[in-house]
Amino acid sequence: QVQLVEAGGGSVQAGGSLRLSCAASGGTFSSYFMGWFRQTPGKEREFITSISPSGGRTRYADSVKGRFTISRDNALNTVNLQMNNLKPEDTAVYYCAASFWPIGTMGINYWGQGTQVTVSS
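Attention in this report is confined to the structure presented alongside it. From a predicted model like this one, the values you see are computed outputs, not experimental measurements. (Residues numbered from 1 in each chain as written. Predicted model: local features only at pLDDT ≥ 70, side-chain atom pairs only at ≥ 80, totals over all residues. Heavy atoms only, no water.)

Before going further, it helps to spend a moment on the nonpolar core. Counting residues in each nonpolar core, the largest one holds 33 residues, and the members touching the most others are Leu 4, Met 34, Trp 36, Phe 68, Val 79, Met 83 and Tyr 94. At the level of secondary structure, the elements contributing two or more residues to this core comprise strand E3 (18-25), strand E4 (33-39), strand E5 (46-51), strand E7 (68-73), strand E8 (78-83), strand E9 (92-99) and strand E11 (115-120). With 5 residues, E9 is the largest single contributor of residues to this core. (Core = buried A, V, L, I, M, F, W, Y, C linked by side-chain atoms within 4.5 Å. Buried < 20%, exposed > 50% of the residue type's maximum accessible area, 1.4 Å probe, protein only. Helix = DSSP H or I, 4+ residues; strand = E, 2+ residues; numbered from the N terminus.)

Written out as C-alpha coordinates, the structure is:
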(Lines give C-alpha, C1' and ligand atoms only; values in the text may rest on other atoms or scores of the structure.)
Protein backbone atom coordinates (compact mmCIF):
# COMPACT_ATOMS: atom_id res chain seq x y z
CA GLN A 1 0.00 0.00 0.00
CA VAL A 2 1.32 3.38 -1.05
CA GLN A 3 0.30 6.28 1.15
CA LEU A 4 0.25 9.85 -0.10
CA VAL A 5 -0.08 12.81 2.23
CA GLU A 6 -0.58 16.32 0.90
CA ALA A 7 0.36 19.48 2.71
CA GLY A 8 0.59 23.18 2.00
CA GLY A 9 -2.99 24.11 1.21
CA GLY A 10 -4.51 27.27 2.54
CA SER A 11 -6.19 30.54 1.68
CA VAL A 12 -4.57 33.20 -0.46
CA GLN A 13 -5.61 36.24 -2.41
CA ALA A 14 -5.77 36.23 -6.19
CA GLY A 15 -2.32 36.67 -7.65
CA GLY A 16 -0.67 34.95 -4.73
CA SER A 17 1.26 31.71 -4.59
CA LEU A 18 1.15 28.43 -2.75
CA ARG A 19 3.38 25.40 -2.78
CA LEU A 20 1.79 22.03 -2.21
CA SER A 21 3.77 18.98 -1.27
CA CYS A 22 2.95 15.30 -1.35
CA ALA A 23 4.93 12.85 0.74
CA ALA A 24 4.85 9.23 -0.36
CA SER A 25 5.56 6.12 1.64
CA GLY A 26 5.52 2.49 0.63
CA GLY A 27 6.31 1.11 -2.79
CA THR A 28 9.11 2.47 -4.92
CA PHE A 29 8.44 6.14 -5.39
CA SER A 30 10.84 6.54 -8.29
CA SER A 31 8.83 3.99 -10.30
CA TYR A 32 5.58 5.96 -10.20
CA PHE A 33 4.13 8.57 -12.43
CA MET A 34 2.85 11.29 -10.14
CA GLY A 35 0.18 13.86 -10.66
CA TRP A 36 -2.09 16.46 -9.18
CA PHE A 37 -5.84 16.72 -9.60
CA ARG A 38 -8.40 19.08 -8.17
CA GLN A 39 -12.09 18.93 -7.44
CA THR A 40 -14.80 21.39 -6.48
CA PRO A 41 -18.23 20.46 -5.08
CA GLY A 42 -20.54 19.05 -7.73
CA LYS A 43 -17.81 18.72 -10.34
CA GLU A 44 -15.68 15.86 -11.56
CA ARG A 45 -12.10 15.56 -10.46
CA GLU A 46 -9.94 17.51 -12.89
CA PHE A 47 -6.47 16.66 -14.11
CA ILE A 48 -3.99 19.42 -13.39
CA THR A 49 -0.49 18.12 -14.03
CA SER A 50 1.68 15.01 -14.06
CA ILE A 51 5.34 14.09 -14.04
CA SER A 52 7.23 11.02 -15.19
CA PRO A 53 9.12 8.79 -12.72
CA SER A 54 12.47 10.43 -13.48
CA GLY A 55 11.00 13.91 -13.61
CA GLY A 56 12.04 14.34 -17.21
CA ARG A 57 8.56 14.75 -18.65
CA THR A 58 5.69 16.87 -17.44
CA ARG A 59 2.32 17.89 -18.77
CA TYR A 60 -0.24 20.43 -17.69
CA ALA A 61 -3.86 21.22 -18.16
CA ASP A 62 -4.39 24.32 -20.26
CA SER A 63 -5.99 26.05 -17.31
CA VAL A 64 -2.74 26.06 -15.33
CA LYS A 65 -0.03 26.20 -17.98
CA GLY A 66 2.48 28.90 -17.23
CA ARG A 67 1.27 29.27 -13.66
CA PHE A 68 1.77 25.87 -12.03
CA THR A 69 4.93 23.79 -11.93
CA ILE A 70 5.17 20.18 -10.85
CA SER A 71 8.43 18.75 -9.57
CA ARG A 72 9.62 15.72 -7.68
CA ASP A 73 12.49 14.73 -5.45
CA ASN A 74 12.90 10.98 -5.57
CA ALA A 75 15.48 11.05 -2.79
CA LEU A 76 12.85 12.54 -0.49
CA ASN A 77 9.88 10.65 -1.94
CA THR A 78 8.03 13.87 -2.55
CA VAL A 79 6.22 15.58 -5.37
CA ASN A 80 5.50 19.30 -5.28
CA LEU A 81 3.16 21.70 -6.97
CA GLN A 82 4.23 25.31 -7.15
CA MET A 83 1.18 27.45 -7.88
CA ASN A 84 1.73 31.04 -8.93
CA ASN A 85 -0.64 33.78 -10.00
CA LEU A 86 -3.53 31.99 -8.39
CA LYS A 87 -7.04 32.76 -9.54
CA PRO A 88 -10.38 32.34 -7.77
CA GLU A 89 -11.23 29.52 -10.17
CA ASP A 90 -8.26 27.60 -8.79
CA THR A 91 -10.20 27.13 -5.56
CA ALA A 92 -10.60 23.40 -5.04
CA VAL A 93 -9.46 20.42 -3.07
CA TYR A 94 -6.15 19.32 -4.55
CA TYR A 95 -5.24 15.65 -4.64
CA CYS A 96 -1.90 13.98 -5.14
CA ALA A 97 -1.98 10.82 -7.25
CA ALA A 98 0.37 7.97 -8.09
CA SER A 99 0.19 5.58 -11.02
CA PHE A 100 2.21 2.72 -12.39
CA TRP A 101 1.44 4.03 -15.88
CA PRO A 102 1.33 7.47 -17.43
CA ILE A 103 -1.44 9.50 -15.87
CA GLY A 104 -4.56 9.24 -18.00
CA THR A 105 -3.76 5.93 -19.68
CA MET A 106 -5.10 3.82 -16.84
CA GLY A 107 -6.82 4.41 -13.54
CA ILE A 108 -4.99 6.05 -10.69
CA ASN A 109 -3.52 3.51 -8.30
CA TYR A 110 -3.23 5.69 -5.22
CA TRP A 111 -4.73 8.95 -4.04
CA GLY A 112 -3.83 11.33 -1.28
CA GLN A 113 -6.42 12.66 1.14
CA GLY A 114 -6.59 16.08 -0.47
CA THR A 115 -5.77 19.57 0.69
CA GLN A 116 -7.97 22.64 0.37
CA VAL A 117 -6.83 25.62 -1.66
CA THR A 118 -8.98 28.73 -1.50
CA VAL A 119 -8.26 31.79 -3.62
CA SER A 120 -10.16 34.98 -2.91
CA SER A 121 -10.60 38.00 -5.14
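Another point: the packing of aromatic side chains. Counted by the stated rule, this structure contains 5 aromatic pairs. Aromatic pair Tyr 32 and Tyr 110: ring centres 6.1 Å apart, planes at 85°, arrangement edge-to-face. Of the two residues, Tyr 32 is situated in the loop between E3 and E4 and Tyr 110 in strand E10 (residues 110-111); the sequence distance between them amounts to 78 residues. For Tyr 110, a relative accessible area of 17% corresponds to the buried category. With a centroid separation of 5.0 Å and 70° between ring planes, the pair formed by Phe 37 and Trp 111 is classed as edge-to-face. Here Trp 111 lies in strand E10 and Phe 37 lies in strand E4, a separation of 74 residues in the sequence. Given the relative accessible area of 10%, Phe 37 is considered buried. Looking at Trp 111, the relative accessible area reads 35%, which means it is partly exposed. Taken together, the ring pairs connect Phe 37, Phe 47, Tyr 95 and Trp 111 into an aromatic cluster. The positively charged end of Arg 45 is found above the aromatic ring belonging to Tyr 95, 3.7 Å away from the centroid. One cation-aromatic arrangement involves Arg 72 over Phe 29; the distance from NZ or CZ to the ring centre is 4.5 Å. (Phe/Tyr/Trp six-rings, centres within 6.5 Å; stacked < 30°, edge-to-face > 60°. Lys NZ or Arg CZ within 6 Å of the ring centre and 35° of its normal.)

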